[in-house]
Amino acid sequence: MKWPWLCCVAVVTFVVVMADAQEDLPWWRTAVFYQVYPRSFKDSNGDGVGDLKGITEKAEYLSELGVTAIWISPIFKSPMADFGYDISDYRQIDPIFGTMEDLKELSEKLKTLNIKLLLDLVPNHSSDEHEWFQKSVRKEDPYTDYYVWHDGKIDNVTNQRSPPNNWISIFTGPTWTWNEERGQYYLHNFDKKQPDLNYRNPAVVQEMDDVIRFWLDLGVDGFRVDAVPFLFEDEELRDEPTREDGQLDHIYTQNLPETFELLRRWADIVYDYTAKDGKPRALFAEAYADIPTTLKYYGEGKESLLQPFNFQLLTSGNASTRASELKDLILTWVDALPSGTTPNWVIGNHDNGRIADRYGPEMVDAMNLLTGVLPGVKVVYNGEEIGMQNTFIRWDQTVDPSGRLLGPYRYQFGSRDPERTPMQWDDSPNAGFSSSKTTWLPVNPNYWWLNVEAQRSAESSHLKVFQAMTAVRNHTVMLRGDLSVLSPDEDTLVVVRTYQNVSFVLLINMGSYITSYTTQNLFSPLNLDFDMTVVTGSVHSGIEPGTFVKKSSASLSLRPKSAVLLQDIPYTL
């Protein structure tokens, strides 16, 4: 059917130009991309920490979810000052997670399930226990300049030495730490045990090139690249200016032009592997930045396989966001995308509070449905499919360095522990995560009712809504359809996907009261006057899947913060 949208309604239609209609789309352009935080996913050996064998044990669950790709947070050898994001050997698995043989076993298991495997690459910094840093401290060639070193400034009056500039670490305090043995400061944009590598040294670039090739040779399907804005710093080490809000404007430490060039170099390496054997591989990048800056990471041509994560729904939306504002967050990103690139939608990760805490527990299904209906890549953090919630962590239980650095009275402002607690599998001790008496972080006490097994057996659950969504994503409409996003009022969001006269409609009531949508007040004015079938809806929507809604008497009542997904013909997989 045609969609003659009325001019009085704010609508933008986006055609997903991802590939010729006759070509198969590479898996990474339509993936349900699931982040596994390995410490918290499944413990197979009873030491209280998740591991690779635990992921393998739960691989069937990933398939059951409809996941098409996973990325695993760092599993490389590490002293765990930042729980794997401080790497001491880029070519070894840390014993706490298992062995190379365990990774091979996981990879083979995932292949049988047609699930792609990506690793978390942390190129900006290593551990201070890495061999490269230890040799750099001793000025052993060729490692002398593998990191960013500086003598600092000497006060002409007091003769006191101080850091070379005013740069501030993400973990608070100066980005510079004095090394007594070498007699210089070294740069660290994060914790002092995470010294920044010097990518102005060609030898360092080559080292990371080789690391990427090492893992691609072992069969991984790509990488999620951590903290990419910090790869280069101003060569002159100039002080950063102060903004009106008193914070530093990071014009000399983040998103420098050289950073985009280096990412495109790595994208070329990944692309070359695909060119050789025809197997698509992917490169996703973490870059918290404004939209114009983020879009620079896409690159052009073959480099467009590089995907900068879109954090608009993660960082800019919350429980107070109105429907019109959510529409703007979506369309601002979609409208800005370079031609030929693929959108992606990140709704949660290991560094931010869970959906249930940011948008409210009643909005879990609505947000999972929204990111599933939107075109491109759906990115989900483990546990969001069952609506896991943040866990209160006492000061004496806090392990995250970004929290501990703030002290016992302010740690909750910086700690990422609440969203990292163990996966809740069932109502047995430790939620079925571990047989250990204690776990590396405590399990949320709500595990006895909020868990995978309970939702598997329930007639209606977050898990089942999630599965219904991933099943729908295999439909041609979701893979190739046009997109329209509307907000006919401040509390209603409507998302429409259309392809060759077949349409799906997602309706979300973001308001605080039950709203009835009828032919007169919504369907006809928006030209949605057709027979519809309910595919799925929020657990608390009160609407059963399979409900038939006739265009002659279209009427749906949605409870507050609930959503319903409809198709304009009887729905079949």
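Conventions adopted
Residues numbered from 1 in each chain as written. Predicted model: local features only at pLDDT ≥ 70, side-chain atom pairs only at ≥ 80, totals over all residues. Heavy atoms only, no water. Helix = DSSP H or I, 4+ residues; strand = E, 2+ residues; numbered from the N terminus. Buried < 20%, exposed > 50% of the residue type's maximum accessible area, 1.4 Å probe, protein only. Contact = heavy atoms within 4.5 Å. Areas by Shrake-Rupley, 256 points an atom, 1.4 Å probe, with all protein chains shown as cover. Lys, Arg positive; Asp, Glu negative; His and termini not counted. Charge placed at Lys NZ, Arg CZ, Asp CG, Glu CD. Phe/Tyr/Trp six-rings, centres within 6.5 Å; stacked < 30°, edge-to-face > 60°. Lys NZ or Arg CZ within 6 Å of the ring centre and 35° of its normal. Pairing = 2+ DSSP bridges. Axes fitted to C-alpha atoms, helices over the stretch in contact; angles between N-to-C directions. Expected span 1.5 Å × (residues − 1). Salt bridge = Lys/Arg side-chain N within 4 Å of Asp/Glu carboxyl O. Polar contact = N/O pair within 3.5 Å; in protein donor to acceptor, adjacent residues only side chain to side chain. Core = buried A, V, L, I, M, F, W, Y, C linked by side-chain atoms within 4.5 Å. Parallel < 35°, antiparallel > 145°, perpendicular 65-115°, else oblique. Nonpolar A, V, L, I, M, F, W, Y, C, P; charged D, E, K, R; others polar. pLDDT = per-residue confidence, 0-100. 1 Å grid on protein atoms, 1.4 Å probe; cavity = no way out; pocket = protein on both sides within 12 Å on 5 of 7 lines; lining within 4 Å. Points joined across faces, edges and corners; volume = space filled by probe spheres on them. Patch = residues over 30% accessible without salt bridge, like charges linked within 9 Å, V, L, I, M, F, W, Y side chains within 5 Å.

**What about the overall build of the chain?**
Scanning the chain from N- to C-terminus turns up 18 helices and 24 strands. In terms of its C-alpha atoms, the chain occupies a principal-axis envelope of roughly 85 × 55 × 50 Å. Buried residues in the chain amount to 59% of all 573 residues. For the chain, restricting intrachain contacts to residue pairs at least 6 apart in sequence, the fraction spanning at least 24 positions comes to 68%. Summed over its atoms, the accessible surface of the chain is roughly 22,700 Å², and 48% of this surface lies on carbon and sulfur atoms. Computed over 52 positive and 79 negative side-chain charges, the separation of the two mean positions in the chain equals 2 Å.

**As for the packing of aromatic side chains**
One pass over the structure, following the stated rule, counts 28 aromatic pairs. Relative to Tyr146, the ring of Trp132 lies with its centre 5.8 Å away and its plane at 70°, an arrangement referred to as edge-to-face. Separated by 14 residues along the polypeptide, Trp132 in helix α5 (residues 131-137) and Tyr146 in the loop between α5 and β7 (149-150) bring together distant segments of the chain. Since its relative accessible area comes to 7%, Trp132 is described here as buried. Seen from their ring centres, Tyr199 and Phe232 are 6.3 Å apart, and the 50° between their planes marks the pair as tilted. On the criterion of sequence distance, the pair formed by Tyr199 in the loop between β11 (184-187) and α6 (202-217) and Phe232 in the loop between β12 (222-225) and α7 (257-277) is long-range, its members being 33 residues apart. A relative accessible area of 7% means that Phe232 is categorised as buried. Three or more aromatic residues joined by ring pairs form one cluster here, namely Phe33, Trp71, Phe284, Tyr288, Phe309 and Phe311. Over the ring of Trp440 we find Arg39; its NZ or CZ atom is 4.4 Å from the centre of that ring. In this structure, Lys276 packs its charged tip against the face of Tyr273, placed 5.3 Å from the ring centre.

**Some thoughts on the sheet that holds strand β6 (residues 116-121)**
Across a sheet, strands are paired by hydrogen bonds formed along the backbone, either parallel or antiparallel in direction. Sheet architecture is open: eight strands sit in the order β14-β13-β12-β6-β3-β2-β16-β15, paired in parallel fashion. Two strands bound the open sheet, and with one partner strand each, they are β14 (306-308) and β15 (344-346). The mean inter-strand angle of the sheet, taken between neighbouring strand axes irrespective of direction, is 25°.

**Re α7**
Compared with an ideal rise of 1.5 Å per residue, which puts 21 residues at 30 Å, α7 spans 32 Å between its outermost C-alpha atoms and is within 8% of the ideal. For α7, the complete set of buried residues consists of Thr259, Phe260, Leu262, Leu263, Trp266, Ala267, Ile269, Val270, Tyr273 and Thr274.

**Some words on the side chain of Asp196**
Examined against the element boundaries, Asp196 turns out to sit in the loop between β11 and α6. Arg200 is the oppositely charged side chain nearest to the buried, salt-bridge-free Asp196, at an N-O distance of 11 Å. Within the structure, the side chain of Asp196 is placed 2.7 Å from the side chain of Asn189, a separation counted as a polar contact. Ignoring anything within four residues of it in the chain, the contact list for Asp196 reads Asn124, His125, Tyr146, Tyr147, Val148, Leu187, His188, Asn189, Phe230 and Glu233.

**Considerations on the nonpolar core**
Tyr34, Tyr61, Ile70, Tyr199, Phe223 and Trp266 are the most contacted members of the largest nonpolar core, which totals 93 residues. Considering every element that reaches this core, the biggest residue donor is α7, with eight residues. Setting aside chain neighbours within four positions, we find Trp266 in contact with Pro123, Tyr199, Met208, Asp209, Ile212, Leu231 and Leu283. Counting residues in each nonpolar core, the second largest holds 43 residues, with Ile355, Ala356, Val472 and Ile508 among its members.

**A look at the packing of helix α12 (residues 364-373) against helix α16 (residues 462-472)**
One way to put it is that α12 packs onto α16 with a least axis distance of 10 Å and a crossing angle of 10°. The angle between α12 and α16 falls in the class roughly parallel. Contacts from Val364, Asp365, Asn368, Leu369, Gly372 and Val373 of α12 reach α16 at His462, Val465, Phe466 and Met469. When grouped by side-chain class, the residues that make up the contact of α12 with α16 number six nonpolar, three polar and one charged.

**So, the confidence of the model for the chain**
Interpretation of the predicted coordinates at a detailed level should be avoided for regions scoring low in pLDDT. Per-residue pLDDT for the chain has a mean of 92; in total, 94% of the residues score no lower than 70. A low-confidence stretch, residues 1-22 stays under pLDDT 50, and its non-local contacts, those more than four residues away or across chains, total 58 contacts.

**Things to note about the layout of surface pockets**
The volume enclosed by the largest pocket comes to roughly 930 Å³. Lining the largest pocket are 35 residues, with Ile170, Phe190, Phe230, Tyr288 and Asp351 sitting closest to its centre. Per-element accounting of the lining of the largest pocket gives the leading share, three residues, to helix α14 (residues 411-414).

**Let's talk about a negative patch on the surface**
Together, Glu325, Asp328, Asp489 and Glu490 make up a negatively charged patch on the protein surface. The partly exposed category is assigned to Glu490, whose relative accessible area is 39%.

**A word on the sheet that holds strand β10 (residues 176-179)**
In spatial order, the strands read β7-β11-β10; together these three strands make up an open sheet with antiparallel pairing. If you trace the sheet from one side to the other, it starts and ends with β7 and β10, each paired once. Relative to β11, β7 runs antiparallel, the two being bridged by two bridges. Along β11, the bridge assignment pairs His150 with Tyr185.

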